[in-house]
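Structural overview for review
If you want the building blocks of each chain, they are given just below.
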Amino acid sequence: MPPLPRPSYKRPIWQIYTAMVVSFIVASLLSVYPISAQIALFRPTWLVIALVFWLIFQPTMVGVGTAFAIGLVADFLTDSRLGQQALCAVIVAFLVKFISGYVKQLSSSAVWLLAAGCFLVHQVCLIILYLFTQAVFAPQLLYSVVISVLVWPLWVAVFGRYTR
């Protein structure tokens with residue numbers, strides 16, 4: 001008896017990994033694209049958006065180690081102190097992994113709220129780290145949270161087809 005064919009809706013693992021790499025490259029390019037200082041305050045946190053997306057939709061492929069690596073890349077790209085963005089990314093990864101352990105099926109609105117919470121936690125963590133390490137209070141970093149939450153559905157629409 002011949003083996004049953006694989007379902008056509010399941011993507012090969014190499015396509016998912018390729019989509020992950022492409023999404024992180026696109027996010028890093030969007031993070032460093034030169035824009036004016038006034039508009040830069042409203043720049044979404046692209047690498048965090050990509051990280052949270054893959055943490056939620058492919059939790060077996062992306063974990064805390066990936067979050068740390070992406071955080072280090074973000075530290076190098078944004079010229080921040082080494083480890084600040086990495087620590088915040090790891091905290092966000094722990095948050096997503098913790099919540100995913102309790103809630104197995106999330107509706108689209110619950111995913112959006114989880115992502116919004118992750119963006120907020122990341123930026124508040126950065127604000128606290130800037131306050132302690134550089135004695136700079138930067139609440140204007142919260143502007144990017146609002147824009148990131150608004151950009152989230154677009155990111156899900158573009159890369160969501162690679163999660164199935």
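Use the structure listed above.
The following refers to the structure shown.

Rules of the game
Residues numbered from 1 in each chain as written. Predicted model: local features only at pLDDT ≥ 70, side-chain atom pairs only at ≥ 80, totals over all residues. Heavy atoms only, no water. Disulfide = S-S within 2.5 Å. Helix = DSSP H or I, 4+ residues; strand = E, 2+ residues; numbered from the N terminus. Expected span 1.5 Å × (residues − 1). Bend = angle between axes of the 7 residues up to and from the residue. Contact = heavy atoms within 4.5 Å.

**A few points about the state of the cysteines**
- In total, this model carries zero disulfides according to the counting rule given.
- Its sulfur unpaired, Cys118 is 12 Å from the next cysteine sulfur, which belongs to Cys125.

**Comments concerning unusual backbone geometry**
- The backbone of Asp79 sits at a positive phi, close to 60 degrees, despite the residue not being glycine.
- On the secondary structure map, Asp79 appears in the loop between helix 4 (64-78) and helix 5 (84-102).
- In this structure, Ala135 takes a positive phi of about 55 degrees despite not being glycine.
- Turning to its location among the elements, Ala135 is positioned in the loop between helix 6 (108-134) and helix 7 (143-159).

**Structural notes on helix 7**
- End to end, helix 7 covers 24 Å across 17 residues, agreeing with the expected 24 Å (1.5 Å per residue, within 8%).
- Along its length, helix 7 reaches its greatest deviation from straightness, about 35 degrees, at Val151, and the proline Pro153 lies no more than four positions downstream.
- Each element contacted by the buried residues of helix 7 is listed here: helix 1 (13-32), helix 3 (46-57) and helix 6.

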